[in-house]
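Breakdown of the fold
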Amino acid sequence: MHEQLIKLIKKAQAPLTSRKVGCILITKENKLYEGYNVEKEERILHAEDIAVSKARKDKEDFKIKEIHLMANGKPENVKRAIPCENCSKILQPHSQEDFKAVFYFFDDSKKTYSLNLSNIINAYTSFNEIPLISDSKRFDKYFKGYLTEIDQKFILEFVNQIKSMCNEIYLTGSACKRGSPKPLLAKEIMGKSYLDIDLITLFSNKNKEEVNKIIKKSILKSLNNIGFSFKELFEKDEISYILEEDPTSKDSEGFLFRKFYWAKGMQLTISPPDYKKNLLMPSSIDMSAGINLKETITKKYLDKKWLVRLL
Ligand SMILES: [Zn+2]
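Residues numbered from 1 in each chain as written. Predicted model: local features only at pLDDT ≥ 70, side-chain atom pairs only at ≥ 80, totals over all residues. Heavy atoms only, no water.

1. Side note on the overall build of the chain
This is how the line gets drawn: Starting at the N terminus, helices and strands are each numbered in turn, a helix being any DSSP run of H or I of at least four residues and a strand any DSSP run of E of at least two. Note on classification: 1.4 Å probe, protein chains only; a residue is buried when its accessible area is under 20% of the maximum for its type, exposed when over 50%, partly exposed between these limits. Residue contacts follow a heavy-atom distance rule, with two residues in contact if any of their heavy atoms lie within 4.5 Å. Per-residue and other accessible areas follow the Shrake-Rupley method at a 1.4 Å probe size, with only the shown protein chains counted as cover for residues.
A count of helices and strands for the chain gives 10 helices and 13 strands. Taken over 311 residues, the chain has a buried fraction of 50%. For the chain, long-range pairs separated by at least 24 residues make up 71% of all intrachain contacts whose partners lie at least 6 apart in sequence. Per element, the accessible surface of the chain, about 15900 Å² overall, is 49% carbon and sulfur.

Right, dumping it as structure tokens:
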């Protein structure tokens, strides 16, 4: 399978993104259908879409048993091989049972990871409404087995520390159980389904320096209160808002800044396979601060309600 996928990657055409993906569908009848992505100015075709179209020509209502996928390049590119929202919806009607997606590494023929299609689809699904889980009992119940115990403790402690100085707190991104399935592979690799903790804090205070101080102090104090003796908290100096969708939309009055905060040893990036050693550490904090939610959160996340309210 690995060799066959390498051949497909070599056939893939990705002049626009240089992200190449190859896939092999296996149907219930054990028929194999191949696909690779083709990027043209006028149209981008994904590997899964091509493979499904081929299979459909043979049998309109075919059922998929497995899909095998590979992305080109470094091991961490494995996340690029996860079916996108659109492809997941193309695959879903052909999923009789909850089929497995198996991921391969370009330069390692021995290792594979796998996910169920339902988990991938679930990660793209919107919440019906924004859940409010401000009390700790509900929080524990809601995130049990999802957030690591340390991150769970940290978040609760952080809410406690900062609540008198801020108006609203939200947990968003993969740590709130939503926000694309990329981190699901992290669960396979390092045992948890998210990479960092995306928090949103809303203030009446418009002074960026003051708000930054409040946040930094609260994070550090929370870490110390849950048993880590960090003396210093690092932050990215410049205000960052680099997002694919629309970086300019954050240049508004209701948005203060976005920053990463971490202490030495806290997790920052996903780079398998030696990631596991940091498992007992708290995750780094990706914090967005603002005056109102609409101008502080990524638009897509708000539209899909990929967030949980903590205060
Ligand atoms: Zn796709």
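2. Concerning helix α2 (residues 47-58)
Short version of the rule: Here the expected span of a helix is defined as 1.5 Å times the quantity of residues minus one.
In this model α2 runs 18 Å from its N-terminal to its C-terminal C-alpha over 12 residues, within 8% of the 16 Å that 1.5 Å per residue would give. All buried positions along α2 are accounted for by Ala-47, Glu-48, Ile-50, Ala-51, Val-52 and Ala-55. Next to the buried residues of α2 lie β1 (21-27), β2 (32-36), β3 (38-40), β4 (43-45), β5 (64-71) and α3 (85-91).

3. Some words on the sheet that holds β2
Quick note on the threshold: What makes two strands pair is DSSP finding at least two bridges between them. Under this scheme, a helix contributes an axis fitted over its contacting stretch, all axes are lines through C-alpha atoms, and angles between N-to-C directions fall in the 0 to 180 degree range.
Taken in spatial order, the five strands of this open sheet run β2-β1-β5-β6-β7, and their pairing is mixed. Of all the strands in the sheet, just β2 and β7 (108-116) have a single pairing partner and so form its edges. On average, each strand axis in the sheet is tilted by 20° relative to the strand beside it, whichever way the strands run. Pairing between strand β6 (residues 100-105) and β7: six bridges, direction antiparallel.

4. Some details on the environment of Glu-60
By the element assignment, Glu-60 lies in the loop between α2 and β5. Sequence spacing of Glu-60 and His-94 is 34 residues, and the spatial spacing of their C-alpha atoms is 9.4 Å.

5. What about the pairing of strand β8 (residues 168-172)?
Counted residue by residue, β8 has four buried out of five residues, so it is predominantly covered. Across five bridges, β8 lies against strand β9 (residues 197-202) in antiparallel orientation. When the sheet's bridge partners are listed, Thr-172 is paired in β9 with Asp-198. Taken together, the three bridges between β8 and strand β13 (residues 307-309) define a ladder with antiparallel strand orientation. Residue pairing for β13: Leu-171 is matched across the bridge by Val-308.

6. A look at the coordination of the zinc ion
What counts here: Distances define the donors: N, O and S atoms within 2.8 Å of the metal qualify, as do those within 3.2 Å of Na, K or Ca. Water is excluded, so some sites may look unfinished.
Binding of the zinc ion to the protein goes through His-46 (ND1), Cys-84 (SG) and Cys-87 (SG), at separations of 1.9 to 2.3 Å. Taking relative accessible area as the criterion, Cys-87 reaches 2% and is therefore assigned buried.

7. Considering helix α6 (residues 149-162)
Helix length check: α6, at 14 residues, gives a terminal C-alpha distance of 20 Å against a target of 20 Å (1.5 Å per residue), a fit within 8%. Of all 14 residues making up α6, 10 are buried, and the element is well covered by its neighbours. Within α6 the residues assigned to the buried category are Ile-150, Asp-151, Gln-152, Phe-154, Ile-155, Glu-157, Phe-158, Val-159, Gln-161 and Ile-162. The inward-facing, buried residues of α6 abut α5 (136-143), β8, β9, α8 (208-225) and β12 (285-290).

8. Focus: the nonpolar core
Side chains that are nonpolar tend, in soluble globular proteins, to be buried together. The following threshold applies: Among buried residues, the Ala, Val, Leu, Ile, Met, Phe, Trp, Tyr and Cys ones that are joined through side-chain atoms within 4.5 Å form a nonpolar core.
Among the nonpolar cores identified, the biggest contains 43 residues, and Phe-154, Ile-155, Leu-171, Leu-199, Ile-215, Ile-219 and Leu-310 are the most heavily contacted of them. Looking at this core, the elements with two or more residues in it are α5, α6, β8, β9, α8, β11 (255-262) and β12. In contact with Leu-199, not counting residues within four places along its chain, are Phe-158, Ile-169, Tyr-170, Leu-171, Ile-285, Asp-286, Met-287, Ser-288 and Leu-310. Cys-23, Ala-51, Ala-55 and Leu-117 belong to the second-largest nonpolar core, a separate cluster that totals 32 residues.

9. Notes on the sheet that holds β9
Each strand in a sheet pairs with another by means of backbone hydrogen bonds, the pair being arranged parallel or else antiparallel. If you walk across this open sheet you meet the six strands as β10-β11-β12-β9-β8-β13, and the pairing is mixed. The strands lining the two open edges of the sheet, one partner per strand, are β10 (234-235) and β13. Here α6 sits on the sheet and contacts β8, β9 and β12; the angle it forms with β9, its principal contact strand, is near 10°.

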